[in-house]
Amino acid sequence: MTTPAPTSRDDGGFSIRPAERADLLAIVRIENASFAQPWPYDAFDRFIGDPGFLVATGENGEITGYVIADVTRNYGRDLGHIKDIAVHPDRRGAGVGSALLSRVLPVLAARGADSVKLEVRESNDSAKRLYRTFGFEPLRRVPGYYDDEDAIVMIRKLE
């Protein structure tokens, strides 16, 4: 598989492109609005330039969502890991999350991953539904992964 073009337009009125340092404040705002235990600014800054750090932008160039994913060696195989994904609360349900996943999975495959995993809050039914539509299946529960809740590890094979 080849890596997708740097920027693509989606019919939902947004584009997907690599994240840039100038995007970080908007990304952190979405992170803070989305999660009880948000990542700090510096955590995002470390991923600038990585192929798996993508943003969705609206028609006016505003950041509407982002995904961070990478590939690591795990038991002799390359495993993709979706580390963080979020959509601005005002843009949820508009296909932004699906578009981000559609773009990042081929990036992980191009970097050698044969499977992809992610962690999701046990109570986050909408995210689990989205991940299931992309072929992710629950693998195991991780007690106390979040300070206040267990995580479900989900995994899918790449073709």
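See the structure printed just above.
Bear in mind the structure is a predicted one, so any value in this text is a computation, not a measurement.

Visitor: Describe in detail unusual backbone geometry, supporting the description with residues and values.
Guide: Peptide bonds are mostly trans, and most non-glycine residues show a negative phi. A positive phi is found at tyrosine 75, a non-glycine position, where the angle reads about 50°. As for its placement among the helices and strands, tyrosine 75 is situated in the loop between strand E4 (63–74) and strand E5 (77–87). Among the residues examined, tyrosine 75 registers a relative accessible area of 80% and is labelled exposed.

Visitor: Before we move on, could you go through the pattern of salt bridges and cite the residues and values that matter?
Guide: Evaluation of the coordinates by the stated rule reveals twelve salt bridges. The shortest N-O distance in the salt bridge between arginine 121 and glutamate 149 comes to 2.9 Å. In this pair, arginine 121 sits in strand E6 (residues 115–121) while glutamate 149 sits in strand E8 (residues 149–157), placing the two residues 28 residues apart along the sequence. By the burial criterion, arginine 121 is buried, and glutamate 149 matches it. Close ionic contact of lysine 128 with aspartate 125 constitutes a salt bridge, the shortest N to O distance being 3.4 Å. Here lysine 128 pairs with aspartate 125, and both are found in helix H4 (residues 125–133), just three residues apart, close to one helical turn. Within the structure, one salt-bridge network assembled from shared partners comprises Arg17, Glu20 and Asp23.

Cut-offs applied
- Residues numbered from 1 in each chain as written.
- Predicted model: local features only at pLDDT ≥ 70, side-chain atom pairs only at ≥ 80, totals over all residues.
- Heavy atoms only, no water.
- Helix = DSSP H or I, 4+ residues; strand = E, 2+ residues; numbered from the N terminus.
- Buried < 20%, exposed > 50% of the residue type's maximum accessible area, 1.4 Å probe, protein only.
- Salt bridge = Lys/Arg side-chain N within 4 Å of Asp/Glu carboxyl O.

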